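# Inside the fold
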Amino acid sequence: MPDGSHAQGPHAVVIGAGFGGLAAAIRLSARGWRVTVVEKLDGPGGRAYTYKQDGFTFDAGPTIITAPYLLEELFELCGTQLSSHLDLRAIEPFYVIRFDDGTEFRAFSDIAKVREEVRRIAPEDVDGFDRFIKASEAIYKVAFVEMVDMPFHKFSTLLKSAPDLIRLQGYRSVFGKVGDYFGSEKLRIAFSFHPLLIGGNPLTTTAYYCLVAHLERTHGVHYAMGGTGALVRALVGLAEGKGARFRYGAAVEQITTEGGRATGVRLAGGETIPAHAVVSNADVGWTYSKLLSETPRRRWTDAKLRRASYSMGLFVWYFGTNRQFPDVYHHTMVLGPRYEELLKDIFSRKELAEDFSLYLHRPTASDPSLAPPGCDAFYVLAPVPNLLAGTDWEAKAEPYRAAIARRLEETVMPGLSRHIVTQRVLTPLDFRDRLLSLNGAAFSLEPQLFQSAWFRPHNLSEEVRGLYLVGAGTHPGAGVPGVISSARILDHILPEPAAIARG
Ligand SMILES: Cc1cc2nc3c(=O)[nH]c(=O)nc-3n(C[C@H](O)[C@H](O)[C@H](O)COP(=O)(O)OP(=O)(O)OC[C@H]3O[C@@H](n4cnc5c(N)ncnc54)[C@H](O)[C@@H]3O)c2cc1C
């Protein structure tokens, strides 16, 4: 039952119903704002949209849920518990990495088990592993616990964090730092690939992302029964319960401003919605270059946005099979023969390579409800260059998909092609045209040091008063924990509705 108690309160418009927009809508409505969420698509979730076809349910994007306490907090803000709405289950092993020679590395919550995995692959690296885990914890305490929901719109905040940056070697890359602890090429990959999950290149992403090893072990890796879509629906329900209104099929064309202050939004079709505050969960590059195209900008000019580095693109193939593949784990990384050179192809040379490293998702390993009885639902994704590479995806999508199918057949899914009964693909073109992401980037701005914290577009817009940014392209960055945390920052920077009402 919507509580509706603040039906006349100051009005906030949230552009976009991705995880960032949903978390923002929940926080604002819980604080007494009257909230309208305007979403271009016909349903919520954004990257976490749900496709249903031929009896299969496919989560479009995020599947690995870490730091669940950030989600639990949203439910608590609304006076309820996550467990009353959703069955969030810990997954073990977290994921399995299959190297090109068929060796497997399994990641577990139990550190002793991971140490055994390290010993099996490279006994001489066990010491390094123990030291790496300590380093990961030290980084986690600063970069995640202290900095993740710290507003970074003041340069002084950046200066205050500089000693930590030097002490923890945040200026180095994840791959470089991991190399200090592991001699084995396989283990260097196993402990450095994580930035790829948020669009970063392990060869250049700040070593701060070494915190993931500790984050995973401290809070676990989880899966929402019913799929990530069930989590999205629960968050929509929370916001609606606090009186927020959702309008789907409502694309914002312009953020309206007057005297340097956001006054609302104008939708495609001309309707305007006035607001005291506008929160944009739309892609940050799109927000500044397209939604504020009529407003002069000092920092995030079109030229600066052109010079920025964008995350990689993704090719995603969703498919359902008429039999099960019980040997395939819930989360498997199926690696190819190259690591560093493949990363250079994707991020610096911007070439679509012939080989690939894949992430294979089989949610039906944990939750058979996503497919008809006796069947399996999958998606497989390959990191690819973003659209700046000029790849002709109209022509390349099908041969690329077929090459991935062959690779899966010769590795972990023999006979796959004979059993596919439904499928769809997503290419960087969909990220640009459906999700309005500049350059078809799957994770917005790349998480490089000079595009992080103060250097990233601020949560409190530096261009227009009354405009706030949440989501992957703003601080702290992409990934479900990151975008939920970006909305948490609103509590520090967005005024109480009573202050607006007083004028
Ligand atoms: C395939 C894939 C797998 C991933 N796997 C994981 C994972 O396992 N774990 C993890 O933590 N992260 C994962 N991620 C990253 C994570 O999904 C994203 O970083 C996060 O969901 C982004 O949320 P967001 O709120 O920033 O943006 P989005 O989800 O993109 O939401 C933005 C919303 O704004 C809407 N919008 C845009 N422009 C307008 C406009 N002009 N008017 C109205 N609406 C507009 C869009 O339609 C969209 O719904 C994955 C991402 C992808 C693509």
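Here the structure is shown first, and the text comes after it.
Residues numbered from 1 in each chain as written. Predicted model: local features only at pLDDT ≥ 70, side-chain atom pairs only at ≥ 80, totals over all residues. Heavy atoms only, no water.

Moving on, we get to the layout of surface pockets. Taken as a whole, the second largest pocket spans an internal volume of roughly 220 Å³. If you go around the second largest pocket, the residues you meet are Trp286, Ser289, Lys290, Asp302, Leu305, Arg306, Ala308, Tyr310, Leu388, Arg432, Leu438 and Asn439. At the level of elements, helix 10 (284-291) and helix 11 (302-307) are the ones that each hand at least two residues to the lining of the second largest pocket. Taken together, the residues that form the lining of the second largest pocket break down as six nonpolar, two polar and four charged. (1 Å grid on protein atoms, 1.4 Å probe; cavity = no way out; pocket = protein on both sides within 12 Å on 5 of 7 lines; lining within 4 Å. Points joined across faces, edges and corners; volume = space filled by probe spheres on them. Helix = DSSP H or I, 4+ residues; strand = E, 2+ residues; numbered from the N terminus. Nonpolar A, V, L, I, M, F, W, Y, C, P; charged D, E, K, R; others polar.)

To continue, consider helix 10. The buried count for helix 10 comes to seven of eight residues, which makes it a mostly enclosed element. For helix 10, every residue scored as buried is listed here: Val284, Gly285, Trp286, Thr287, Tyr288, Ser289 and Leu291. Contacts from the buried residues of helix 10 go to strand 1 (11-15), strand 10 (252-258), strand 13 (277-280), helix 11, helix 14 (428-433) and strand 19 (467-469). The residue sitting at the N-terminus of helix 10 and contributing the capping side-chain oxygen is Asp283; that oxygen lies 3.3 Å from the backbone nitrogen of Gly285. (Buried < 20%, exposed > 50% of the residue type's maximum accessible area, 1.4 Å probe, protein only. Contact = heavy atoms within 4.5 Å. Polar contact = N/O pair within 3.5 Å; in protein donor to acceptor, adjacent residues only side chain to side chain.)

Turning our attention to the site of the ligand. For the ligand, the set of nearby residues contains 38 residues, the closest of which are Glu39, Arg47, Asn281, Ala472 and Val480. Take Arg47: an N or O atom from its side chain is 2.7 Å from an oxygen atom of the ligand. Ile64 has a polar backbone atom sitting 2.8 Å from an oxygen atom of the ligand. Elements with a contribution of two residues or more to the shell around the ligand: helix 1 (19-30), strand 17 (376-384) and helix 15 (480-488). The dominant element in the shell around the ligand, judged by the number of residues it contributes, is helix 15, at three residues. Here the shell around the ligand is composed, by residue class, of 25 nonpolar, ten polar and three charged. (Near = heavy atom within 4 Å.)

Before going further, it helps to spend a moment on the pattern of salt bridges. In this structure the tally under the stated criterion is 28 salt bridges. In this structure, the salt-bridge partner of Arg27 is Asp491, at a minimum N-O distance of 2.8 Å. Note that Arg27 is positioned in helix 1 and Asp491 in helix 16 (residues 490-493), a separation of 464 residues in sequence. A salt bridge links Arg488 to Glu73; the nearest nitrogen and oxygen atoms lie 2.7 Å apart. (Salt bridge = Lys/Arg side-chain N within 4 Å of Asp/Glu carboxyl O.)

For the rest of this paragraph, the subject is the pairing of strand 17. Within strand 17, nine of the nine residues are buried, which leaves the element mostly enclosed by the surrounding structure. On strand 17, burial covers both faces: Asp376, Phe378, Val380, Ala382 and Val384 on one face and Ala377, Tyr379, Leu381 and Pro383 on the other are all buried. Here nine bridges tie strand 14 (residues 313-321) to strand 17, and the two strands are oriented antiparallel to one another. Each residue of the ladder has a partner; that of Phe315, found in strand 17, is Ala382. (Pairing = 2+ DSSP bridges.)

Here we come to the side chain of Asp376. Its place among the elements puts Asp376 in strand 17. In terms of polar contacts, Asp376 uses its side chain to reach the backbone amide nitrogen of Phe325, at 2.7 Å. In this structure the side chain of Asp376 is engaged in a polar contact, spanning 2.8 Å, whose partner is the side chain of Thr364. When sequence neighbours within four positions are dropped, the list of residues in contact with Asp376 reads Phe56, Phe319, Gly320, Thr321, Arg323, Gln324, Phe325, Arg362, Thr364 and Ala371.

This model, assessed by the stated rule, comprises 24 aromatic pairs. Ring geometry for Trp317 and Phe319: centres 4.3 Å apart, planes at 35°, overall tilted. Trp317 sits in the buried class, given a relative accessible area of 0%. Cation over ring: Arg401 sits above Trp317, and NZ or CZ is 4.8 Å from the ring centre. Just above the ring of Tyr49 sits the side chain of Arg434; from NZ or CZ to the centre is 4.5 Å. (Phe/Tyr/Trp six-rings, centres within 6.5 Å; stacked < 30°, edge-to-face > 60°. Lys NZ or Arg CZ within 6 Å of the ring centre and 35° of its normal.)

What follows covers the packing of helix 4 (residues 126-146) against helix 8 (residues 212-219). It is the contact of helix 4 with helix 8, at a shortest axis distance of 7 Å, that shows an interaxial angle of 85°. One way to sum up the angle between helix 4 and helix 8 is to call them roughly perpendicular. Across the interface between the two elements, Phe132, Ile133, Ser136, Glu137, Tyr140 and Phe144 from helix 4 touch Ala213, His214, Leu215, Arg217 and His219 from helix 8. Looking at the contact of helix 4 with helix 8, its residues break down into six nonpolar, three polar and two charged. (Axes fitted to C-alpha atoms, helices over the stretch in contact; angles between N-to-C directions. Parallel < 35°, antiparallel > 145°, perpendicular 65-115°, else oblique.)

Here seven strands make up an open sheet; going across it, the order is 7-6-15-16-17-14-18 and the pairing mixed. The open sheet has two free edges, formed respectively by strand 7 (104-107) and strand 18 (420-426), since each of these has just one partner strand. Strand-to-strand twist across the sheet, computed as the mean angle between neighbouring axes with direction ignored, equals 20°.

Our next topic: the nonpolar core. The biggest cluster of nonpolar side chains holds 119 residues, and the ones touching the most others in it are Phe105, Phe191 and Leu235. A per-element tally of this core places helix 4 first, with ten residues. Phe191 has contacts with Phe105, Val114, Val118, Phe129, Phe132, Val174, Val178 and Phe182, leaving out every residue within four places of it along the chain. Within the second largest apolar cluster, 27 residues are counted, among which are Ile273, Ala275, Trp300 and Leu467. (Core = buried A, V, L, I, M, F, W, Y, C linked by side-chain atoms within 4.5 Å.)

Turning next to unusual backbone geometry. A cis amide bond, omega -10°, links Glu92 with the succeeding residue Pro93. Here Pro93 shows up in the loop between strand 5 (88-90) and strand 6 (95-98). For the peptide bond that leads from His475 to Pro476, omega is 5°, which places it in the cis range. Even without glycine at this site, Asp54 takes up a positive phi of about 50°. Here Asp54 shows up in the loop between strand 3 (50-53) and strand 4 (56-59). You will see that Ser444, though not glycine, has its phi angle at about 65°, which is positive. Summarising the element assignment, Ser444 is placed in the loop between helix 14 and strand 19.

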